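Chain and residue survey
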Amino acid sequence: MAHMLEVQSLSRRFGGLTAVSEVSFSVDKGEIFGIIGPNGAGKSTLFNVIAGHYRPSAGTVAFEGKDISGRTSDEIARRGIARTFQAVNVFTQHTAEENLRRADVAHRSHNPFAYISERNRSGSANLNEVARFIGVADVLGGAAGSLAYGLQKILGIGMAIMASPKLILMDEPAAGLNPSEKKTAAKLIRRLRDERGITILLVEHDMPLVMGVCDRILVINQGKPITTGAPTAVKANPAVIEAYLGEEYEFA
Ligand SMILES: Nc1ncnc2c1ncn2[C@@H]1O[C@H](COP(=O)(O)OP(=O)(O)OP(=O)(O)O)[C@@H](O)[C@H]1O
Ligand SMILES: [Mg+2]
């Protein structure tokens, strides 16, 4: 059977800089697949190409057997790929509820009549269900900016799942979180897969989290793939350790 996501020899150049260089990997439905690498390795760029924010310079991305390379981000979102961002991207002045509703409206904007009609009601049910799932049901009415940082990032995940995606690209969901918020984030990532069947592509610097939740991990450095494998194999790979030399990462 075809893989859910198949990335083949993908490259992205910015002028003379090759940010992503001939990266290939595939992700199967139901996997939690990690992408790690030092700062500037090309992880966010890779996400931006897969999600259609940047066009590939070379190579292809196929989703559910269809080539999506070079399609617009809207088109790719409509096919079932959502993403969360490295920085918090909630509207801080708006309530948590408005943030989720806006995400919903954005997803439905391709068919405005669907939004106005009875789907409006099912939209509210979806919103409440997502709010409960991510644990913000009790703070829906408060300004998103007044929530703890960890909850703001979790709200960003909620915004991504409003569209009921098949695949989520998560860019550093644990960055800036305290240890207890990190545990909540790790649990949420597992629940997204286990309870909602969402396949997850995870970029994250927190090694215990990545090693703890991922089925397989791709390591890239300076745009180039180093290895792909199970967490234990990746952790023990000398080329991986070398890529991280001089950086303060704990592979515990
Ligand atoms: N829009 C852009 N224009 C020019 N160069 C860019 C652009 N986006 C990224 N780059 C460069 O591409 C390289 C990879 O950046 P990228 O943000 O993908 O790394 P990253 O692995 O996500 O790093 P980090 O872990 O710090 O988030 C860097 O050298 C960066 O400066
Ligand atoms: Mg990045």
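Residues numbered from 1 in each chain as written. Chains lettered and ligands numbered in written order. Predicted model: local features only at pLDDT ≥ 70, side-chain atom pairs only at ≥ 80, totals over all residues. Heavy atoms only, no water.

Concerning the site of ligand 1
To be explicit about the condition: Put simply, a residue is near a molecule or strand once any heavy atom of it comes within 4 Å of that molecule or strand. Between N or O atoms, a polar contact is any pair within 3.5 Å; within protein, one atom must be a potential hydrogen donor and the other a potential acceptor, and residues adjacent in sequence are included only when both atoms are from side chains. A 1.4 Å probe and the Shrake-Rupley method give the accessible areas. Residues count as covered only by the protein chains that appear here. A run of H or I in DSSP counts as a helix once it spans at least four residues, and a run of E counts as a strand once it spans at least two, with each numbered from the N terminus. Three classes are used, and their members are as follows: Ala, Val, Leu, Ile, Met, Phe, Trp, Tyr, Cys and Pro are nonpolar, Asp, Glu, Lys and Arg are charged, and the others, Gly among them, are polar.
Lining the immediate environment of ligand 1, one finds 14 residues, of which Gly40, Lys43, Thr45, Gln86 and His205 sit closest. Take lysine 43: an N or O atom from its side chain is 2.7 Å from an oxygen atom of ligand 1. Tyrosine 54 places a polar side-chain atom, nitrogen or oxygen, 3.2 Å from a nitrogen atom of ligand 1. The protein chains hide 64% of the 630 Å² of surface that ligand 1 would expose on its own. Elements supplying a minimum of two residues to the shell around ligand 1: β2 (17-27) and α1 (43-50). Top contributing element to the shell around ligand 1 by residue count: α1, with three residues. Residue classes in the shell around ligand 1 are distributed as five nonpolar, seven polar and two charged.

A short note on the nonpolar core
Our working definition: Among the buried residues, those of types Ala, Val, Leu, Ile, Met, Phe, Trp, Tyr and Cys that are joined through side-chain atoms within 4.5 Å form a nonpolar core. Relative accessible area decides the class of each residue, using a 1.4 Å probe on protein chains only: under 20% of the type maximum gives buried, over 50% gives exposed, and in between gives partly exposed. Each domain's limits were defined by an automated method or a database of domain assignments. Two residues qualify as a contact provided that any one of their heavy atoms is within 4.5 Å of a heavy atom in the partner residue.
Grouped together as the largest cluster of nonpolar side chains are 44 residues, with contacts concentrated most on Ile36, Leu100, Leu155 and Leu192. Among the elements that make up this core, the one with the highest residue count is helix α6 (residues 149-161) (six residues). Built from parts of two domains, this core gets at least three residues from each of domain 1 (1-80 + 168-252) and domain 2 (90-164). Discounting residues that sit within four places of it in the chain, leucine 155 has contacts with Val90, Ala96, Asn99, Leu100, Ile134, Val136, Ala144 and Leu147.

Points about the packing of aromatic side chains
Inclusion rule: Aromatic contacts are taken between Phe, Tyr and Trp rings whose centres are within 6.5 Å, Trp giving its six-membered ring; a plane angle under 30 degrees counts as stacked, one over 60 as edge-to-face, and the others as tilted. Working rule: Lys NZ or Arg CZ, within 6 Å of ring centre, within 35 degrees of ring normal, means a charge sits over the ring.
Evaluated as defined, the whole model comprises two aromatic pairs. For the pair phenylalanine 14 and tyrosine 54, a centre-to-centre distance of 5.4 Å together with 80° between the ring planes defines the contact as edge-to-face. Taken together, the residues phenylalanine 14 in strand β1 (residues 5-14) and tyrosine 54 in the loop between α1 and β4 (58-63) connect sequence positions 40 residues apart. Residue class for tyrosine 54 comes out partly exposed when judged on its relative accessible area of 33%. Centre to centre, the rings of phenylalanine 25 and phenylalanine 33 are 5.2 Å apart; their planes meet at 10°, and the pair counts as stacked. Of the residues examined, phenylalanine 25 reaches a relative accessible area of 6% and is grouped as buried. Between the NZ or CZ atom of arginine 102 and the centre of the ring of phenylalanine 91, over which it lies, the distance is 4.2 Å. Of note, arginine 191 hangs over the ring of phenylalanine 133, and the distance from its end group to the ring centre comes to 4.2 Å.

Looking at the packing of α6 against helix α7 (residues 179-196)
Heads up, the condition is: The convention used is that axes are lines fitted to C-alpha atoms, helices contributing only their stretch in contact, and that angles between N-to-C directions extend from 0 to 180 degrees. Any angle that is under 35 degrees is reported as roughly parallel, and any over 145 degrees as roughly antiparallel; angles of 65 to 115 degrees are reported as roughly perpendicular and all others as oblique. Handedness of a crossing follows from how the near helix is turned relative to the far one, being left-handed for an anticlockwise turn of less than a right angle and right-handed for a clockwise one.
Axis separation between α6 and α7 bottoms out at 10 Å; the angle between their running directions is 15°. As the angle between them shows, α6 and α7 are arranged roughly parallel. Considering how the two elements wind past one another, α6 and α7 form a crossing that is right-handed. Together, Tyr149, Gly150, Ile154, Ile157 and Ile161 of α6 and Glu181, Thr184, Leu188, Leu192 and Arg196 of α7 make up the contact between the two elements. Taken together, the residues that form the contact of α6 with α7 break down as six nonpolar, two polar and two charged.

Let's talk about the pairing of strand β9 (residues 216-221)
Definition in use: At least two bridges found by DSSP between two strands is the condition for calling them paired.
In this structure, strand β3 (residues 32-36) lies alongside β9, joined through four bridges in parallel fashion. Pairing of phenylalanine 33 across the sheet is with arginine 216, part of β9. Turn length for the β9-strand β10 (residues 224-229) hairpin, with the two strands adjacent in sequence and antiparallel, is two residues, and the turn residue glutamine 222 shows positive phi of about 50°.

Examining the sheet that holds β2
Ordered in space as β2-β1-β4-β5, the four strands form an open sheet in which the pairing is antiparallel. Edge positions in the open sheet fall to β2 and β5 (66-67), since each of these has one partner strand only. Lying over the sheet, α1 contacts β1, β2 and β4, oriented at roughly 115° with respect to β1.

Focus on the pattern of salt bridges
The condition that has to hold: Put simply, a salt bridge is a Lys or Arg side-chain nitrogen that is within 4 Å of an Asp or Glu carboxyl oxygen.
Under the defined criterion, the tally for this structure stands at nine salt bridges. Salt-bridge contacts for arginine 71 lead to glutamate 75; the nearest nitrogen and oxygen are separated by 3.1 Å. For the salt bridge of arginine 193 with aspartate 194, the shortest nitrogen-to-oxygen distance reads 2.7 Å. The exposed category is assigned to aspartate 194, whose relative accessible area is 54%. Through salt bridges with shared partners, a single ionic network connects Arg193, Asp194 and Asp215.

Regarding the confidence of the model for the protein chain
In regions of low pLDDT, the predicted coordinates are not meant to be interpreted in detail. Note the following rule: Looking at any residue, its pLDDT shows the predictor's confidence there, from 0 to 100.
When pLDDT is averaged along the protein chain, the result is 91; 89% of the residues meet or exceed 70. For the stretch residues 114-118, pLDDT sits under 50, and the model shows six contacts to residues farther than four places along the chain or on other chains.

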